[in-house]
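# Descriptive analysis of the structure
This is what each chain is made of:
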Amino acid sequence: PYETVVLTLAPDGTLAVAGAGDGLQVAVNRDFLLDAVGGADQLVLELDSPITPLAVRIPATAAYSLLMPVRLPA
């Protein structure tokens, strides 16, 4: 029962967010996220809660990555 969020990066650099996860905040290591994205212009994030692993899928390929969230200081 993942929430699905689709992020699309437009050629002008704007980021569009669509999906049921609007308003949900999850923190991940930036370097790991950039490695998972690998320059794709669209990716699908599947998550259950802010403290469970985050699945990152690239729709154009069969590849996916799992990222562990990090806790932000209060």
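Further up the page is the structure itself.
In short, a report on the structure. (Residues numbered from 1 in each chain as written. Predicted model: local features only at pLDDT ≥ 70, side-chain atom pairs only at ≥ 80, totals over all residues. Heavy atoms only, no water.)

### Brief notes about the environment of Pro53
- Positionally, Pro53 belongs in the loop between strand 3 (42-47) and strand 4 (54-57).
- The exposure class of Pro53 is partly exposed, given its relative accessible area of 34%.
- Sequence-wise, Pro53 and Ser65 are twelve residues apart; in three dimensions their C-alpha atoms are separated by 9.8 Å. (Helix = DSSP H or I, 4+ residues; strand = E, 2+ residues; numbered from the N terminus. Buried < 20%, exposed > 50% of the residue type's maximum accessible area, 1.4 Å probe, protein only.)

### Concerning the pattern of salt bridges
- Tallied over the entire structure, the rule returns two salt bridges.
- In this structure, Arg30 and Asp31 form a salt bridge, with 3.4 Å as the shortest nitrogen-oxygen distance.
- In this structure Arg30 comes out as exposed when scored by relative accessible area, which is 59%.
- Residue Arg57 is joined to Glu46 by a salt bridge in which the shortest nitrogen-to-oxygen separation is 3.2 Å. Highlighted residues: Arg57 in strand 4 and Glu46 in strand 3, separated in sequence by eleven residues.
- Residue classification places Arg57 among the partly exposed residues on the basis of a relative accessible area of 34%. (Salt bridge = Lys/Arg side-chain N within 4 Å of Asp/Glu carboxyl O.)

### Quick look at the nonpolar core
- Ranked by size, the top nonpolar core spans ten residues in total: Val5, Ala36, Val37, Leu43, Leu45, Leu47, Leu54, Val56, Ile58 and Leu67.
- Going through the elements one at a time, helix 1 (30-37), strand 3 and strand 4 are the ones with two or more residues in this core.
- Considering each element in turn, this core owes the most residues, three residues, to strand 3.
- Once residues within four sequence positions are removed from consideration, Leu67 is found in contact with Val28, Phe32, Leu33, Pro53, Leu54 and Val56. (Core = buried A, V, L, I, M, F, W, Y, C linked by side-chain atoms within 4.5 Å. Contact = heavy atoms within 4.5 Å.)

### A look at the pairing of strand 3
- Most of strand 3 sits out of view: five of its six residues are buried.
- Relative to strand 4, strand 3 runs antiparallel, the two sharing three bridges. Its bridge partner lying in strand 4, Val44 is registered against Arg57. (Pairing = 2+ DSSP bridges.)

### Some thoughts on helix 1
- Capping of helix 1 at its N-terminal end is provided by Asn29; its side-chain oxygen lies 2.9 Å from the backbone amide nitrogen of Asp31.
- Just past helix 1, the residue Gly38 takes up positive phi, approximately 60°. (Polar contact = N/O pair within 3.5 Å; in protein donor to acceptor, adjacent residues only side chain to side chain.)

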